Amino acid sequence: MPAETQQHPGLAPRSWPLTAKVPLLSAAMIFVVALVTTQVALRWAGRQGDALLARLGAVYVDGVSGAAAAYAAAGDQAAVA
């Protein structure tokens, strides 16, 4: 067998003892779960932020239109513009 294709026997996962495989597998699973839950939380927070910003914009537009409505009803074009 050529030297390039040979692997060190200690690096093959099948040769690892169970006392090394279990903690590594557990750590990998915890990392994946943490990654997924973080992504879900960030997407939820982004949606909440977008909804809050849209609501704040609607309140602002309502306030501006309410303030300009009195001037528009009075026919004061200079104050409305």
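Overview of the structure. The shown structure was predicted, so the numbers you read here are calculated from the model rather than taken from an experiment.

1. What about the overall build of the protein?
Here's step 1: Assigned secondary structure in the protein consists of 2 helices and 0 strands.
Here's step 2: By the burial criterion, 0% of the 81 residues in the protein qualify as buried.
Here's step 3: Counting only carbon and sulfur atoms, one obtains 70% of the accessible surface of the protein, whose full area is about 7,200 Å².

2. What to know about helix 1 (residues 18-74)
Here's step 1: Here helix 1 contains 57 residues, and its C-alpha end-to-end distance of 84 Å stays within 8% of the 84 Å for a straight helix at 1.5 Å per residue.
Here's step 2: Of all the bends in helix 1, the largest measures some 30° and sits at Ala 68.
Here's step 3: Just past helix 1, the residue Gly 75 takes up positive phi, approximately 85°.

3. So, a nonpolar patch on the surface
Here's step 1: Judged by side-chain polarity, Phe 31, Val 32, Leu 35, Val 36 and Val 40 come together as a nonpolar surface patch covering roughly 480 Å² of accessible area.
Here's step 2: As for its placement among the helices and strands, Val 40 is situated in helix 1.

Cut-offs used in this document
Residues numbered from 1 in each chain as written. Predicted model: local features only at pLDDT ≥ 70, side-chain atom pairs only at ≥ 80, totals over all residues. Heavy atoms only, no water. Helix = DSSP H or I, 4+ residues; strand = E, 2+ residues; numbered from the N terminus. Buried < 20%, exposed > 50% of the residue type's maximum accessible area, 1.4 Å probe, protein only. Areas by Shrake-Rupley, 256 points an atom, 1.4 Å probe, with all protein chains shown as cover. Expected span 1.5 Å × (residues − 1). Bend = angle between axes of the 7 residues up to and from the residue. Patch = residues over 30% accessible without salt bridge, like charges linked within 9 Å, V, L, I, M, F, W, Y side chains within 5 Å. Salt bridge = Lys/Arg side-chain N within 4 Å of Asp/Glu carboxyl O.

So yeah, pure geometry; function would need other evidence.
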